[in-house]
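Working through the structure, step by step
This is what each chain is made of:
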Amino acid sequence: MALTIISLIKQVPLPSEMRMGEDGLMDRTKAKSIINIDCQFGLEAGLQLKLQNPDAKLVVCSMGPPSFDTALRTAISMGYDEAYLLSDRRLGGSDTYATGLAISTMLKHLGYTKESKEPFVIVAGRQTSDGDTAHVPSQVAENLGIPQATFIERVKSDEHGNIVAKRIIEGGYQMMKLPTPCLLSLTPTGVKPRKPSLLGAMRAREAKITTFSIDDIGLGNEKIGLSGSPTIVAKVVNITSERAEVMMANGSSEKELVESLRQNVDTGGNTLEVKAKGVKKEVSKPDFPIVDFRDGASGILTWAEVVNGKISRPSLELLTPARKLVNQLEENTKVMTLLIGKGVKDLASELIEYGSDEVIVVEDDRLEEYLVLPFASIFAQVIKERNPEIALFGATTAGRELAPRIGVKTNSGVTADCTALEIGEHIDRKNKKIFAPILESRRPTYGESKLATILGFVCPQISTARAGTFEVPTREVGRVGVVSEFKPHLDESDFVVSIVETIRGEGGVSNLFEADVIVTGGRGAIEDSLELIKSLVEEFKNQGINAEWACSRPVVDQGISEYARQIGQTGKTVRPKLYIAVGVSGAIQHIAGIKESHKIVAIDRSAKASIFHHADFGLVGEYQDILPELIQKVKGGFTFGIEPKK
């Protein structure tokens, strides 16, 4: 039976072209657009699978306005055979839940279901640049009822028709085996997408693009568009930095810079200000009836992700906003934490000491390693029994694929990568109602230049929290709580995906959240494969300073460093006392991960580099000349005003 390879793509606006409308929401109507970068890697992954399966049919699908025709023709010019577009004005305003439902309904209309006799594989980008949620692949897979693997770098077929994929995880990678049908989402660290051929471009001009409306595929209005989405964007405001103007020096005047650093690096810090564009004068609160949409749901459920037999730091961080939220809710609201794994019950007391009121334990020898299908099934069963009003996940590689799959199972919307969580209210002036209490999930978006507030109207209200954003709560040794066991029903179908191998070299990666000094190498500092950067870090350590090295996304994309050391919007968020950026251009996505650093030192050969707009101190020159000087100064005892750990 011939394989069908289906690529899901999206045409996205350039972030620089985006504008905020009068309603406080983003207007993309006049923005130039391209095929989403991650989707381009998905397209190439499909073409790579075609090389191993010469008889395979290549299909490309998208959802959007008629202008998306351009992206589909590009895919055909690269080698795809058929193209389908779901385009309907009634889809406008759809959140990721509604988008995943619409796309999966189109695929079912085309005959691609889990009961299909012909094997198929769906490939997609990890996430889109305009949303950065990474939700839709998981939501499409759940709606189709097929297995998935996300954050994939490489993919191939084996002799039995299975798909073997390399999945990026924190600290390393996993080799996974999936049966068909299945869905894979690709990272931009995979095989680089090819350019269209001249012959392909000529063929694409004449190709037929089949366009469907929601009526054509049998999709109703109830769960699509703005009115049918379980989440809405309540408002979007600008984010501005109040960091003082950078103090600059060139490569021959490090002494001046060093003296300034000696005096100032451990004082002050970064402050951020959120400003609303076109803010109107505050008006009095209308006398509308208050609606409690929770329908009896109560409590906050968090997930304790276990890695190498320990609770991951992002899972402990979740307990900080969770405790804050229960204090804003009704009395007797409690924090529940779901702990899944093999022999993990002994970790329950630690979770209670960090803030959980109840730890729900699920133990099964088959659950030693995280697998999305059984974990999602367990969560859905626990949610059905306990009926929480809020569910929180760390925005790890696992959390970012698990939460949206659970969202489909519970018909809930999901807000990704949150940096703030509050209990508030929503005034619906159109229907003259006030929804309260409601979770206000805030997340940076559109290249980290805007802060969006997302509201969900179906319980549990699900959010993922950006790792490193919240502090780990203070541990209260001896704190008492409840430990309960839960026995889920699991089918063999929940274990059709197997982990062939897990390579996790933590090393100092987990220390990035706690380091006082982080030295990061960017594209402009890779000529020596970051050896000078690592040497500077070692000298800090020799002086008793808690230091670690990291990298920017281009360094990971080129295979020089592992993903676990990536700093930025799609990597880690850190807040060291001193952040030294070497050869980092200063893309806003990277700034998202470092903006809470106390002091930032930037080193770059170009005085016009964007990084200097976000730094406290700057050095212009070749890093090969500057870093050896700094290494010698640190070796001589200069530690930028930071005291060694006792």
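What you see is a predicted model; the values in this text were computed from it and never measured.

What counts, and where the lines are drawn
Residues numbered from 1 in each chain as written. Predicted model: local features only at pLDDT ≥ 70, side-chain atom pairs only at ≥ 80, totals over all residues. Heavy atoms only, no water. Helix = DSSP H or I, 4+ residues; strand = E, 2+ residues; numbered from the N terminus. Buried < 20%, exposed > 50% of the residue type's maximum accessible area, 1.4 Å probe, protein only. Polar contact = N/O pair within 3.5 Å; in protein donor to acceptor, adjacent residues only side chain to side chain. Contact = heavy atoms within 4.5 Å. Pairing = 2+ DSSP bridges. Axes fitted to C-alpha atoms, helices over the stretch in contact; angles between N-to-C directions. Phe/Tyr/Trp six-rings, centres within 6.5 Å; stacked < 30°, edge-to-face > 60°. Lys NZ or Arg CZ within 6 Å of the ring centre and 35° of its normal. 1 Å grid on protein atoms, 1.4 Å probe; cavity = no way out; pocket = protein on both sides within 12 Å on 5 of 7 lines; lining within 4 Å. Points joined across faces, edges and corners; volume = space filled by probe spheres on them. Parallel < 35°, antiparallel > 145°, perpendicular 65-115°, else oblique. Left-handed = near helix turned anticlockwise from the far one by under 90°. Nonpolar A, V, L, I, M, F, W, Y, C, P; charged D, E, K, R; others polar. Patch = residues over 30% accessible without salt bridge, like charges linked within 9 Å, V, L, I, M, F, W, Y side chains within 5 Å. Areas by Shrake-Rupley, 256 points an atom, 1.4 Å probe, with all protein chains shown as cover. Salt bridge = Lys/Arg side-chain N within 4 Å of Asp/Glu carboxyl O.

Before going further, it helps to examine unusual backbone geometry. Each neighbour pair has its own omega, and for Thr180 with Pro181 the value is 0°, a cis peptide bond. The residue Pro181 is located in the loop between β11 (172-178) and β12 (182-186) in this model. In this model, Cys459 is joined to Pro460 through a cis peptide bond whose omega is 0°. Although it is not a glycine, Asn308 sits at a positive phi angle of roughly 55°. Note that Asn308 resides in the loop between β19 (306-307) and β20 (310-311).

In this section: the side chain of Glu401. On the secondary structure map, Glu401 appears in helix α12 (residues 397-409). Judged by relative accessible area, which is 3%, Glu401 ranks as buried. Polar side-chain contacts of Glu401 include one of 3.5 Å to the side chain of Arg167. Ignoring anything within four residues of it in the chain, the contact list for Glu401 reads Ser138, Gln148, Ala149, Thr150, Arg167, Tyr370 and Val372.

This next bit is on the environment of Ala71. As for its placement among the helices and strands, Ala71 is situated in helix α2 (residues 69-78). Along the primary structure Ala71 and Val60 are separated by 11 residues, whereas in three dimensions their C-alpha atoms are 9.7 Å apart. Dropping the residues within four chain positions of it, Ala71 is found in contact with Ile9, Gln11 and Ile35.

With that out of the way, let us pick up the sheet that holds strand β21 (residues 335-341). Two pairing modes exist for strands in a sheet, parallel and antiparallel, and in both the strands are linked by backbone hydrogen bonds. Ordered in space as β24-β28-β23-β18-β21-β22-β29, the seven strands form an open sheet in which the pairing is parallel. Looking along the sheet, the strands with just one partner apiece sit at the ends: β24 (414-418) and β29 (482-485). Averaged over all neighbouring strand pairs, the angle between strand axes comes to 25°, with direction disregarded. Pairing of strand β18 (residues 300-304) with strand β23 (residues 390-394) involves three bridges; the strand directions are parallel. Across the sheet, residue Leu301 finds its bridge partner in β23, namely Ala391. Those strands touched by helix α11 (residues 372-386) are β18, β21, β22 (358-363), β23 and β29, and its axis lies near 150° from that of β21.

Turning next to the environment of Gly296. Examined against the element boundaries, Gly296 turns out to sit in the loop between β17 (290-291) and β18. Spatially, the C-alpha atom of Gly296 lies 7.8 Å from that of Asn387, the residues being 91 residues apart in sequence.

A separate point is the packing of aromatic side chains. Evaluation of the coordinates by the stated rule reveals 12 aromatic pairs. Aromatic ring contacts, followed pair by pair, group Trp303, Tyr370, Phe375, Phe379 and Phe393 into a single cluster. Lys166 extends its terminal NZ or CZ atom over the ring of Tyr173, reaching a point 4.6 Å from the ring centre. Over the ring of Trp549 we find Lys534; its NZ or CZ atom is 4.7 Å from the centre of that ring.

Okay, the sheet that holds strand β10 (residues 163-169) next. The strand order β13-β7-β6-β1-β8-β12-β9-β10-β11-β30 describes an open sheet built from 10 strands, whose pairing is mixed. Whereas interior strands pair on both sides, the edge strands pair on one side only; in this sheet they are β13 (209-212) and β30 (498-504). Across the sheet, the axes of successive neighbouring strands diverge by a mean angle of 30°, strand direction being ignored. Lying over the sheet, α12 contacts β9 (148-157) and β10, oriented at roughly 105° with respect to β9.

Turning next to empty space enclosed by the protein. For the coordinates displayed, the defined rule picks out five cavities of 30 Å³ or more. Counted as a void, the largest cavity has a volume near 90 Å³. Looking at the lining of the largest cavity, the elements with two or more residues in it are β11 and α11. Here the lining of the largest cavity gets three residues from one element, more than from any other, and that element is α11.

Our focus in this paragraph is the packing of helix α3 (residues 96-109) against helix α4 (residues 136-144). At a closest axis distance of 8 Å, the pairing of α3 and α4 adopts a crossing angle of 50°. In terms of axis orientation, α3 runs oblique to α4. The chirality of how α3 crosses α4 is right-handed. Taking contact as the criterion, the partners of Thr96, Tyr97, Thr99, Gly100, Leu101, Ile103, Ser104, Leu107 and Lys108 in α3 are, on α4, Val136, Gln139, Val140, Asn143 and Leu144. Its residues placed into classes, the contact of α3 with α4 shows seven nonpolar, six polar and one charged.

Let us look at a nonpolar patch on the surface. Among the surface-exposed residues, Leu198, Leu199 and Met202 lie close enough to one another that they form a single nonpolar patch of about 370 Å² accessible area. Residue placement: Met202 occurs in helix α5 (residues 198-206).

On to the pattern of salt bridges. Side chains carrying opposite charge are able to pair once their charged atoms draw close together. Applying the stated rule across the entire model yields 41 salt bridges. We note a salt bridge from Asp38 to Arg126, for which the minimum N-O separation is 3.0 Å. Taken together, the residues span a long stretch of sequence, with Asp38 in helix α1 (residues 37-52) and Arg126 in the loop between β8 (120-125) and α4 at a distance of 88 residues. Considered together, Asp38 and Arg126 belong to a single accessibility category, that of buried residues. Put simply, Arg575 and Glu596 hold a salt bridge, and the shortest N to O gap is 2.6 Å. Pair noted here: Arg575 is in the loop between α14 (553-557) and β33 (578-582) and Glu596 is in the loop between α15 (588-591) and β34 (599-604), with a separation of 21 residues, a long-range link. For Glu596, a relative accessible area of 33% puts it in the partly exposed group.

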